[in-house]
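# Descriptive analysis of the structure
Here are the chains, one letter per residue:
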Amino acid sequence: MTVTSAASAALTDLDVDAVVIGMAKGDDGPVPLGGTGALDAALGGRLARILADLGATGATGDIVRFATLGTLKASTVLAVGVGEHAAFTAGAAGTAGAAGDGADAGPDHETLRRAAGAAVRALVGTARVASTLALAAGRPTAATLRAAAEGSLLGAYAFDSLRAAPSGPAPVRELVLTVDDPADLAAAEAALERATIIGDAVALVRDLVNTPPSHLSPARLAEIAVERGGAAGVEVTVLDEEALAEGGYGGLLGVGQGSVNPPRLIRLRYQGATGARAAAGDPAGTGPAGTDLALVGKGITFDSGGLSLKPPVSMEWMKSDMAGAASVLAAVVAAARLGLTVNVTGWMPCAENMPSGDAIRPSDVITLRGGKRVEVLNTDAEGRLVLGDALARASEDTPALVVDVATLTGAQIVALGTRTSGVMGRSEATDAVVAAAGRAGETVWPMPMPPELRKSLDSVVADLANVAPGGNRDAGMLLAAHFLAAFVPEEIPWAHVDIAGPSWNGGEPYGYTPRGGTGAIVRTLVQLAEDRAGTTP
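All values derive from a computational prediction rather than experimental measurement.

### Considerations on the packing of aromatic side chains
- Counted under the stated rule, the structure contains one aromatic pair.
- Pairing Phe483 with Phe487 gives two aromatic rings, centres 5.3 Å apart and planes at 45°, and the pair type is tilted.
- Residue classification places Phe483 among the buried positions, given a relative accessible area of 0%.
- For Phe487, a relative accessible area of 6% translates into the label buried.
- A cation over a ring is seen here: Arg206 above Tyr157, with NZ or CZ 5.2 Å from the ring centre.

### Some remarks on the side chain of Glu442
- By secondary structure assignment, the location of Glu442 is in the loop between helix 15 (427–440) and strand 17 (444–446).
- No salt bridge forms around the buried Glu442; measuring N to O, its nearest opposite-charge neighbour Arg523 is 4.4 Å away.
- In this structure the side chain of Glu442 is engaged in a polar contact, spanning 2.7 Å, whose partner is the backbone nitrogen of Ile521.
- Side-chain polar atoms of Glu442 contact the side chain of Thr524, separated by 2.8 Å.
- Those residues within four positions of Glu442 in sequence are excluded, and the remaining contacts are Ala437, Gly519, Ala520, Ile521, Val522, Arg523 and Thr524.

### Side note on the layout of surface pockets
- Approximately 790 Å³ is the volume attributed to the largest pocket.
- Taken together, 34 residues form the lining of the largest pocket, with Asp380, Leu408, Thr409, Gly410 and Arg473 sitting closest to its centre.
- Looking at the lining of the largest pocket, the elements that each hand over two or more residues are helix 13 (383–395), helix 14 (410–416) and helix 16 (476–485).
- Partitioned by chemical class, the residues of the lining of the largest pocket number 13 nonpolar, twelve polar and nine charged.

### Some thoughts on the confidence of the model for the protein chain
- Looking at the protein chain as a whole, the pLDDT averages 93, with 94% of positions reaching at least 70.
- In this model residues 92–105 is a low-confidence stretch, pLDDT under 50, and it forms 28 contacts with partners more than four residues away in sequence or in other chains.
- Across residues 283–289, confidence stays below pLDDT 50; counting only partners more than four residues off in sequence or on other chains, it has 20 contacts.

### Some remarks on the pattern of salt bridges
- Under the definition given, this model contains 31 salt bridges.
- One network of salt bridges, with partners in common, ties together Glu110, Arg113, Arg114, Arg146, Glu150, Arg194, Arg523 and Glu530.

### Some words on helix 13
- Counted at 1.5 Å a residue, the expected span for helix 13 with its 13 residues is 18 Å, and the 18 Å between its end C-alpha atoms agrees.
- Counted residue by residue, helix 13 has 13 buried out of 13 residues, so it is predominantly covered.

### Some details on helix 7 (residues 218–231)
- The first and last C-alpha atoms of helix 7 sit 20 Å apart over 14 residues, in line with the 20 Å expected at 1.5 Å per residue.
- Buried-residue contacts for helix 7 involve helix 6 (185–210), strand 8 (235–239), strand 9 (264–271), strand 11 (299–303), helix 12 (323–338) and strand 12 (343–353).
- In the stretch just after helix 7, Gly233 is the one whose phi turns positive, near 85°.

### Thoughts on the environment of Thr367
- In this structure, Thr367 sits in strand 13 (residues 364–367).
- Overall, Thr367 belongs to the partly exposed group, its relative accessible area being 36%.
- Each C-alpha atom of the pair Thr367 and Val226 lies 28 Å from the other, and the pair is 141 residues apart in sequence.

### Focus on the packing of helix 15 against helix 17 (residues 522–533)
- Taken N-terminus to C-terminus, the directions of helix 15 and helix 17 make an angle of 110°; their axes are 8 Å apart at the nearest point. The orientation of helix 15 with respect to helix 17, classified from their angle, is roughly perpendicular. Crossing of helix 15 against helix 17: the hand is right-handed. In this structure, helix 15 uses Ala432, Val433, Ala436, Ala437, Arg439 and Ala440 to contact helix 17, whose residues at the interface are Arg523, Thr524, Gln527, Leu528 and Asp531.
- Looking at the contact of helix 15 with helix 17 residue by residue, the class counts come to six nonpolar, two polar and three charged.

### Examining the sheet that holds strand 14 (residues 373–376)
- Read across the open sheet, the three strands follow the order 13-14-18; overall the sheet is mixed. Of all strands in the sheet, those with a lone pairing partner are strand 13 and strand 18 (464–465), marking the two edges.
- Where strand 14 and strand 18 come together, two bridges link them in parallel fashion. If you follow Glu375 over to strand 18, its bridge partner there is Ala465.

### Focus on a nonpolar patch on the surface
- Nonpolar side chains collect at one region of the surface, where Val365, Val460 and Val461 lie side by side and expose about 310 Å² of accessible area between them.
- Tracing the chain through its elements places Val461 in the loop between strand 17 and strand 18.
- Take Val461: its relative accessible area is 57%, and that puts it in the exposed class.

### What about the pairing of strand 3 (residues 29–32)?
- Where strand 2 (residues 18–26) meets strand 3, four bridges bridge the pair, whose relative direction is antiparallel. Bridging from a neighbouring strand, Lys25 pairs with Pro30 of strand 3.

### Some words on the environment of Pro213
- Tracing the chain through its elements places Pro213 in the loop between helix 6 and helix 7.
- According to the relative accessible area criterion, Pro213 is partly exposed, its value standing at 25%.
- In sequence terms Pro213 and Thr301 are 88 residues apart; their C-alpha atoms lie 6.1 Å from each other.
- Apart from residues no more than four positions distant in its own chain, Pro213 is found in contact with Thr301, Phe302, Lys319 and Glu352.

### Here's the deal with the side chain of Thr144
- Position of Thr144 relative to the elements: it lies in helix 5 (residues 142–155).
- Overall, Thr144 belongs to the buried group, its relative accessible area being 5%.
- Engagement of the side chain of Thr144 in a polar contact is seen with the backbone nitrogen of Thr141, the distance being 2.8 Å.
- When near neighbours in sequence (up to four residues on either side) are disregarded, Thr144 contacts Pro107, His109, Leu112 and Ala134.

Reading the values: the criteria
- Residues numbered from 1 in each chain as written.
- Predicted model: local features only at pLDDT ≥ 70, side-chain atom pairs only at ≥ 80, totals over all residues.
- Heavy atoms only, no water.
- Phe/Tyr/Trp six-rings, centres within 6.5 Å; stacked < 30°, edge-to-face > 60°.
- Buried < 20%, exposed > 50% of the residue type's maximum accessible area, 1.4 Å probe, protein only.
- Lys NZ or Arg CZ within 6 Å of the ring centre and 35° of its normal.
- Helix = DSSP H or I, 4+ residues; strand = E, 2+ residues; numbered from the N terminus.
- Lys, Arg positive; Asp, Glu negative; His and termini not counted.
- Salt bridge = Lys/Arg side-chain N within 4 Å of Asp/Glu carboxyl O.
- Polar contact = N/O pair within 3.5 Å; in protein donor to acceptor, adjacent residues only side chain to side chain.
- Contact = heavy atoms within 4.5 Å.
- 1 Å grid on protein atoms, 1.4 Å probe; cavity = no way out; pocket = protein on both sides within 12 Å on 5 of 7 lines; lining within 4 Å.
- Points joined across faces, edges and corners; volume = space filled by probe spheres on them.
- Nonpolar A, V, L, I, M, F, W, Y, C, P; charged D, E, K, R; others polar.
- pLDDT = per-residue confidence, 0-100.
- Expected span 1.5 Å × (residues − 1).
- Axes fitted to C-alpha atoms, helices over the stretch in contact; angles between N-to-C directions.
- Parallel < 35°, antiparallel > 145°, perpendicular 65-115°, else oblique.
- Left-handed = near helix turned anticlockwise from the far one by under 90°.
- Pairing = 2+ DSSP bridges.
- Patch = residues over 30% accessible without salt bridge, like charges linked within 9 Å, V, L, I, M, F, W, Y side chains within 5 Å.
- Areas by Shrake-Rupley, 256 points an atom, 1.4 Å probe, with all protein chains shown as cover.

If you want it as structure tokens, here you go:
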């Protein structure tokens, strides 16, 4: 785990092993960015020349490193590019206020976040690192401090818990975020404290997604939720298969009946606004449970497709099919750790989708929570069945906003690729999710729900089918959203986020994103909670 701190000392005085600086692409070569004055002086004013001689351009993702040869205590300088100089610093002149002012003007914060992550990844095996990236565009704001800190911590992630021996050098052990003015130290420390909580949340999701199904059954995921939620002061309730039968959760039971590992429904309840509302004379809040925000996450701990069996290659990464549930757990725990004045309830419907003599069959009809009967035409469209149960139960509390997150459809990857999540639902809710994602630095795209598509889910024997009959795959992502909408009353604002592609990186690492589980959408969910609490950074 990376330890963080802030310092206002000059780079030449910091007792670290490596220094991270920013550079941009200028008309005449790489341009060293803010926070590099002392380093440039120590190098005789030749910093820009050194970078150019090393072949640096300053383009986004460009990384060069060089030895300091005793000119400062750090033995290595690593420079990371942020793109065109004019574009990166656009608006930065207007952010010269105090670091804690929370201004959003200035450089592209996600570019800064990714640069920080790429730099820390490149410094694997280095014990202590100082970063000037919060100063890249001048005196830091809350937003630039937050981006530099988050990116650095996200880039320091590694998953080695199942190896007999470490796979390589250890991640950066200590990170020092530098500021020029001692007056900015308090803001820097606050940014680091928040970034640590966000980093922990994303790391939790990455760990859970990377954990194989042999080590993460629905029951084990429930145990982890109890452990992590309890440590943060979150109330956790777990329904086992008997309680699910009593409660009419036919989707969870149907999907889980083919596995030897029975399903679970996990509820996480954080009541951060209850005391504040009572003091203000409004103890009830929103709905019977006072829920401002209900988060629902698909928790299929392994998805074989059931009797509608997936091809073997498609199963290789299906341990990631519980990324939505993991994101909900991490977001609720983070909201509690941040002490947000908001009431958040998380729902994690967890099951393992396996083929066996007991497995649900194509054409079976099951009854979901609330009484709707569903004809299951494809057992590989199981995520919407468990989400239907959880959405129906979450809606019973009449929350002010419902957001579900799921690795739901391959159609999402076809439409938007592996880095952009699709957002569907009702306009008030989708607008809130898109706005929160923009502030958090995550990429989402609003998608339509054409009403004429709904007819494709009509069943000849039940209230609706889980897929269009005959194997019709047209508009699969949008059709899945229509199915989920049937379990959330029209009067409740609701959004569905499909993270099938963004939840897993099967290629090479980039920016702050490792190979494997990415932790996608966690930052957006935490931002939503902050928005509901009125404490947007």
